[in-house]
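# Coordinates in review
Given next are the chains, with one letter for each unit.
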Amino acid sequence: MSAERTYRMLFLGSPGTGKGTYSMRLAEGFGLKHIATGDILRETVKKGGETADQIRKFIDKGELVPDEIIVQIIKGTLLSDEAKRGFTLDGFPRNINQARILDDMMRSIGWEFDYIFNVWAEKKNIVDRIVNRLQCANCNTVYNLVDNPPKNDTICDVCGNHMRHRPDDDRKTVLRRFEVYEMDTAPVVEHYRDRSTFYEIYTGGPVGLAEKDMLKIIREDG
Ligand code: AMP
């Protein structure tokens with residue numbers, strides 16, 4: 001991978017397809033900022049304060065946080081100095097209104113996405129994958145207890161933090177998150193499908209294969 005070029009990449013996909021993992025790995029590889037709205041919201045909840053309780057209620061139920069809250073967050077993040085060196089965006093937009101707002105923001109800065117990756121896998125495997133998922137609340141690294149476990153029990157390999165399951169990764173909330181995805185977020189994929197930078201990436205194969213597919217697309221593109 002080369003850090004010489006600035007890339008702006010958008011990751012779409014239902015819960016559990018690995019978009020968090022891949023968007024983080026590509027960000028690391030190309031020296032880009034990884035912007036994951038779910039991680040930002042969980043960090044906001046951890047800090048406490050005025051909107052934290054409100055945000056937690058939506059996340060714990062598997063519902064989308066209101067657009068006003070998330071749009072404020074994303075505006076601040078995209079306009080930050082760190083985002084100027086390029087970014088991978090994961091978890092936003094989650095509905096058509098957010099997609100239109102993002103399009104307007106990108107246009108007003110004069111930016112376009114170099115790559116839009118819609119990651120997907122069969123739904124029957126995804127629920128099990130999510131229920132077996134562990135995510136570090138400190139550095140956001142994602143593990144899977146079945147096929148990508150931490151080396152030492154529930155201790156994060158990267159930062160040594162003791163990890164717990166995300167409260168919204170229980171089976172009932174996961175099923176609600178899927179319903180919300182079908183209703184609100186699936187139309188976002190159609191919104192972007194016609195763009196020349198849109199690619200479908202299958203993530204149901206062995207770990208690493210989907211990343212190779214994405215790197216191949218980026219390399220072939222020059
Ligand atoms: P994720 O980590 O992407 O699975 O997001 C976890 C939860 O954060 C979601 O189920 C939503 O409750 C909330 N969330 C993340 N991104 C957004 C967004 N763009 N709009 C509204 N809610 C969001």
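This section reports on the structure supplied with the text. Everything numeric in this text was worked out from a predicted model, so none of it was measured.

## Considering the pairing of strand β4 (residues 115-120)
In terms of residue burial, β4 counts as a mostly covered element, since five of its six residues are buried. Relative to β4, strand β1 (residues 8-12) is paired through four bridges, and the arrangement is parallel. Paired with F11 across the bridge in β4 is F117. With five bridges connecting them, β4 and strand β7 (residues 198-202) associate as parallel partners. In the sheet register, I116 faces β7, and the bridge partner there is F198.

## Some points on the site of the ligand
Near the ligand lie 16 residues; those nearest to it are T37, R42, E63, G91 and Q98. A distance of 3.0 Å is found between a nitrogen atom of the ligand and a side-chain nitrogen or oxygen belonging to Q98. In this structure, R166 approaches the ligand through a side-chain N or O atom, which is 3.2 Å from an oxygen atom. Considered on its own, the ligand offers 480 Å² of accessible surface; in the complex 95% of this is hidden by protein. Of all the elements, helix α2 (residues 37-47) adds the most residues to the shell around the ligand, at four residues.

## Thoughts on the pattern of salt bridges
All told, the structure shown has 19 salt bridges when counted by the stated rule. Measuring nitrogen to oxygen at the nearest pair gives 2.8 Å for the salt bridge that ties R176 to E63. One end of the pair, R176, is in helix α7 (residues 171-193); the other, E63, is in the loop between α3 (52-61) and α4 (67-78), and 113 residues separate them in sequence. Overall, the relative accessible area of 25% leaves R176 in the partly exposed class. Residue classification places E63 among the partly exposed positions, given a relative accessible area of 29%. Between D103 and R195 there is a salt bridge, and its shortest N-O distance comes to 3.3 Å.

## Some words on the packing of helix α5 (residues 96-109) against α7
Between α5 and α7, whose axes approach to 8 Å, the crossing angle comes to 40°. Judged by the angle between their axes, α5 and α7 are oblique. Of the residues in α7, those in contact with I96, A99, L102 and D103 of α5 are D184, P187, V188, H191 and Y192. Each residue belonging to the contact of α5 with α7 can be placed in one class, and the counts come to six nonpolar, one polar and two charged.

## Describing α2
Along an α-helix, residues three or four positions apart point the same way, because every turn accommodates 3.6 residues. The set of residues buried in α2 consists of T37, D39, L41 and V45. Positioned one or two residues after α2, G48 has a phi angle of 75°, which is positive.

## Considerations on the packing of aromatic side chains
Counting across every chain of the model gives nine aromatic pairs. Both rings, one in F11 and one in F117, keep their centres 5.5 Å apart while their planes meet at 50°; by these two values the pair is tilted. Of this pair, F11 sits in strand β1 while F117 sits in strand β4, placing them 106 residues apart in sequence. The same class applies to F11 and to F117, which are both buried. Taking the centre distance of 5.7 Å and the plane angle of 50° together, the rings of F87 and W111 count as tilted. Taken together, the residues span a long stretch of sequence, with F87 in strand β3 (residues 87-90) and W111 in the loop between α5 and β4 at a distance of 24 residues. Cluster of aromatic residues (ring-pair linked, three or more members): Y7, F11, F30, Y115, F117 and Y199. The residue whose ring lies beneath K123 is F178, and the NZ or CZ to ring-centre distance is 4.9 Å.

## A word on the sheet that holds β1
For sheets, the rule is that strands pair by backbone hydrogen bonds, running either parallel or antiparallel. Taken in spatial order, the five strands of this open sheet run β2-β3-β1-β4-β7, and their pairing is parallel. Each having just a single partner strand, β2 (33-36) and β7 make up the two edges of the open sheet. On average, adjacent strands in this sheet sit at an angle of 20° to one another, irrespective of strand direction.

Rules behind the numbers
- Residues numbered from 1 in each chain as written.
- Predicted model: local features only at pLDDT ≥ 70, side-chain atom pairs only at ≥ 80, totals over all residues.
- Heavy atoms only, no water.
- Buried < 20%, exposed > 50% of the residue type's maximum accessible area, 1.4 Å probe, protein only.
- Helix = DSSP H or I, 4+ residues; strand = E, 2+ residues; numbered from the N terminus.
- Pairing = 2+ DSSP bridges.
- Near = heavy atom within 4 Å.
- Polar contact = N/O pair within 3.5 Å; in protein donor to acceptor, adjacent residues only side chain to side chain.
- Areas by Shrake-Rupley, 256 points an atom, 1.4 Å probe, with all protein chains shown as cover.
- Salt bridge = Lys/Arg side-chain N within 4 Å of Asp/Glu carboxyl O.
- Axes fitted to C-alpha atoms, helices over the stretch in contact; angles between N-to-C directions.
- Parallel < 35°, antiparallel > 145°, perpendicular 65-115°, else oblique.
- Contact = heavy atoms within 4.5 Å.
- Nonpolar A, V, L, I, M, F, W, Y, C, P; charged D, E, K, R; others polar.
- Phe/Tyr/Trp six-rings, centres within 6.5 Å; stacked < 30°, edge-to-face > 60°.
- Lys NZ or Arg CZ within 6 Å of the ring centre and 35° of its normal.

Worth remembering: the numbers are spatial, not functional.
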